[in-house]
Amino acid sequence: MRRAFLLIFALAIIASLLPAQIRDTKIISLPQTSAVLDAAARLGLDLLAEIDGRIFIAVSPSDLRKIEKLGLFYLCDTRTLAPPASSTGPESSTSPIGAYHTHQELEDDLTALQSRFPELAKIIVVGFSLENRPILALKVSDNPGADEGEPAVLFLGCHHAREWISVEIPFLFGRYLLENYGSDPEVRRLVDAAEIWIVPMVNPDGHDYTVRVYRYWRKNRRANDDGTFGVDLNRNYGQAWGCDDFGSSPDPAADVYRGTTAFSEPETQAVRNLILGRNFGSMISYHSYSQLLTYPWGYTTLPTRQSALLHDLGLQLAGLMTAVNGREYFCGQSGTALYLTNGDTTDWAYAVTGMPAYTIELPPVDYLGGGFFNREEDIAPIFQENLPAMLALVDWTIAHPNPVPELSGGSRPFPRAWSSASGTIKK
Ligand SMILES: [Zn+2]
């Protein structure tokens, strides 16, 4: 009796220490049956992953009431969503998240690369997060300390905290370029002719939160006025920001909350300033999951002025990726291929620079393949299949260094159009 009382008391203390949103959102699991899948689709539930025949879903209190009303039997169980056990090489052998990088480990590994390759690599702090973590860029070029005005390509990762794989792909690309510069003439040619900028972790505060507290966290860690936390950094950029409530939310509790104004967050300001400060010719922003390669616009189903170029180049990149492991990456306009998004990185970057700006949603293709929770052993094959497209985009940019801004001649009213398609699994 006494033991039970102590246990309840301890649980009450733990619950009171958790931020409001964590108390509100639960992760539950249900058996993977057609009745459960039908209900999940009908209620628009946020499916996280299928593990051992059970579907894991993040639910709000109102979701949970609806599930209970349907008489579905669920379990509250987050054990299987804990970080993977450490099992890999020297870089990560002491990591709390195995082969994935924490922010500190990323800083350490980037610093080690800079020390090994001082002629080719330079770390640049492009800004600081709300909690004052440095947002780190690795510049790879033949003379990284100098601004040589070479064609520049940008690779971004981890706008969304839980999408851990999106840190690793850009990081591994930087390491690959540096380690192969001496032996691979093609790598040398690209690195000599271009500036390759890699920002593996745009959202270090959110990422840290996924490591220490809540694996499923998506946004940054802004303390909102209503007591909730987080702004969705990939809804906080300035092109058509907040133009409707389909592509982002005005509700601070929502996972796609767009913030109080465009660029209200230091993390998006850092990316904005980086892009405006140089002549980038192309970029990729990595996310997960879905196996998609998408291009602007995301806020509307109407095409950009350069949609033929964006589509043709995107198809080439997707084809290169599929050729490696046979895994299909669907290529399409963001607003039609996935769901409407306003205030996303690539819409703004394309609007102000005219550069081909892609979002790549890394594997798996759906929640049945593990959703946001890629295994450690998935990292290498996913990098291998992305590598040819990354190299090809650098090569393309060297040949096409001067993009034409979509909005040249001043801002113009953006066209308004949207489809009724709106998913609820936000990636
Ligand atoms: Zn994402």
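Residues numbered from 1 in each chain as written. Predicted model: local features only at pLDDT ≥ 70, side-chain atom pairs only at ≥ 80, totals over all residues.

Concerning the overall build of the protein
- Counting its regular elements, the protein contains 13 helices and 12 strands.
- Summarising the internal contacts of the protein: among those between residues at least 6 apart in sequence, 75% fall at separations of at least 24. (Helix = DSSP H or I, 4+ residues; strand = E, 2+ residues; numbered from the N terminus. Contact = placed C-beta atoms within 7 Å.)

Some words on the pairing of strand β9 (residues 280-288)
- With 9 of its 9 residues buried, β9 lies for the most part within the structure.
- With 6 bridges joining them, strand β7 (residues 152-157) and β9 adopt parallel strand pairing. Along β9, the bridge assignment pairs Leu-154 with Met-283.
- Where β9 and strand β12 (residues 357-362) come together, 6 bridges link them in parallel fashion. If you follow Ser-285 over to β12, its bridge partner there is Thr-359. (Buried ≥ 20, exposed ≤ 12 C-beta atoms within 10 Å, placed from the backbone. Pairing = 2+ DSSP bridges.)

What to know about the confidence of the model for the protein
- On average, the protein scores 87 in pLDDT, and the residues at 70 or more come to 85%.
- Residue range residues 4-23 is modelled with pLDDT below 50. Its contacts to residues more than four positions away, or to other chains, number 9 contacts.
- pLDDT under 50 marks residues 409-423. Its contacts with residues more than four places away, or in other chains, come to 20 contacts. (pLDDT = per-residue confidence, 0-100.)

Digging into the sheet that holds strand β1 (residues 26-31)
- Strand order in the open sheet formed by 4 strands is β2-β3-β1-β4, and the pairing between neighbours is antiparallel. Every interior strand has two partners, whereas the edge strands, β2 (46-51) and β4 (75-76), have only one.
- Note that β1 and strand β3 (residues 54-59) share 6 bridges and pair antiparallel. Note that in β3 the partner of Ser-29 across the bridge is Phe-56.

Side note on the packing of helix α6 (residues 165-180) against helix α13 (residues 379-399)
- Two numbers describe how α6 lies on α13: the axes approach to 10 Å, and their chain directions differ by 60 degrees. Our classification of the angle between α6 and α13 gives oblique. Considering only the axes of α6 and α13, their crossing is right-handed. Across the interface between the two elements, Ile-165, Glu-168, Ile-169, Leu-172, Phe-173 and Tyr-176 from α6 touch Ile-379, Ile-382, Phe-383, Asn-386, Leu-387 and Met-390 from α13.
- The residue makeup of the contact of α6 with α13, split by class, is 10 nonpolar, 1 polar and 1 charged. (Axes fitted to C-alpha atoms, helices over the stretch in contact; angles between N-to-C directions. Parallel < 35°, antiparallel > 145°, perpendicular 65-115°, else oblique. Left-handed = near helix turned anticlockwise from the far one by under 90°. Nonpolar A, V, L, I, M, F, W, Y, C, P; charged D, E, K, R; others polar.)

As for helix α8 (residues 204-212)
- Of all 9 residues making up α8, 8 are buried, and the element is well covered by its neighbours.
- Looking only at α8, the buried set comprises Pro-204, Asp-205, Gly-206, His-207, Asp-208, Tyr-209, Thr-210 and Val-211.

Thoughts on helix α12 (residues 345-353)
- In terms of burial, α12 is largely enclosed, as 9 of its 9 residues are buried.
- Regarding α12, the residues found buried are Thr-345, Thr-346, Asp-347, Trp-348, Ala-349, Tyr-350, Ala-351, Val-352 and Thr-353.
- On its buried side, α12 packs onto β7, α9 (266-276), β9, β10 (292-295) and β12.
- Of the residues one or two after α12, Gly-354 is the one with positive phi, at around 80 degrees.

Examining the sheet that holds strand β6 (residues 134-140)
- Spatially, the 8 strands line up as an open sheet ordered β5-β6-β8-β7-β9-β12-β10-β11, and their pairing is mixed. The open sheet has two edge strands, β5 (121-128) and β11 (330-333), and neither has a second partner. Each strand of the sheet is rotated relative to its neighbour by a mean of 20 degrees, with strand direction disregarded.
- Relative to β6, β5 runs antiparallel, the two being bridged by 7 bridges. When the bridges of β6 are listed, Gly-127 appears paired with Ile-135.

Overview of the nonpolar core
- Core analysis: the biggest nonpolar cluster contains 110 residues, and Val-140, Val-153, Leu-154, Ile-196, Ile-198, Val-199 and Met-283 have the highest contact counts within it.
- Per-element accounting of this core gives the leading share, 8 residues, to α6.
- No fewer than three residues from each of domain 1 (7-81) and domain 2 (94-399) sit in this core.
- Once residues lying within four places of it in the same chain are set aside, the contact partners of Ile-198 are Ala-137, Leu-138, Val-140, Phe-155, Pro-170, Phe-173 and Gly-174. (Core = buried A, V, L, I, M, F, W, Y, C linked by C-beta atoms within 7 Å. Domains from an automatic or database assignment.)

What to know about the packing of helix α10 (residues 307-325) against α13
- Axis separation between α10 and α13 bottoms out at 8 Å; the angle between their running directions is 150 degrees. Viewed along their axes, α10 and α13 form a crossing whose handedness is right-handed. Where α10 approaches α13, its residues Leu-313, Gln-316, Leu-317, Leu-320, Met-321, Val-324 and Asn-325 are matched on the opposing element by Pro-381, Gln-384, Glu-385, Asn-386, Pro-388, Ala-389, Ala-392, Leu-393 and Trp-396.
- For the contact of α10 with α13, the per-class residue count stands at 11 nonpolar, 4 polar and 1 charged.

Remarks on the environment of His-160
- Locating His-160 in the fold gives a position in the loop between β7 and α6.
- Residue His-160 is classed as buried on the basis of its 27 C-beta neighbours within 10 Å.
- Setting aside residues no more than four positions away along its own chain, His-160 makes contact with Asn-203, Arg-218, Asn-234 and His-287.

Section: unusual backbone geometry
- Of the consecutive residues Ser-288 and Tyr-289, the connecting peptide bond is found in the cis state with omega at 5 degrees.
- Tracing the backbone shows Tyr-289 in the loop between β9 and β10.
- Between Pro-296 and Trp-297 the backbone carries a cis peptide bond, its omega angle lying at 0 degrees.
- Position of Trp-297 relative to the elements: it lies in the loop between β10 and α10.
- In this structure, Asn-132 takes a positive phi of about 70 degrees despite not being glycine.
- Position of Asn-132 among the secondary structure elements: in the loop between β5 and β6.
- Its 9 C-beta neighbours within 10 Å are what place Asn-132 among the exposed residues.
- For Phe-263, which is not glycine, the phi torsion reads 55 degrees and is therefore positive.
- Judged by the 19 C-beta atoms lying within 10 Å of it, Phe-263 is partly exposed.

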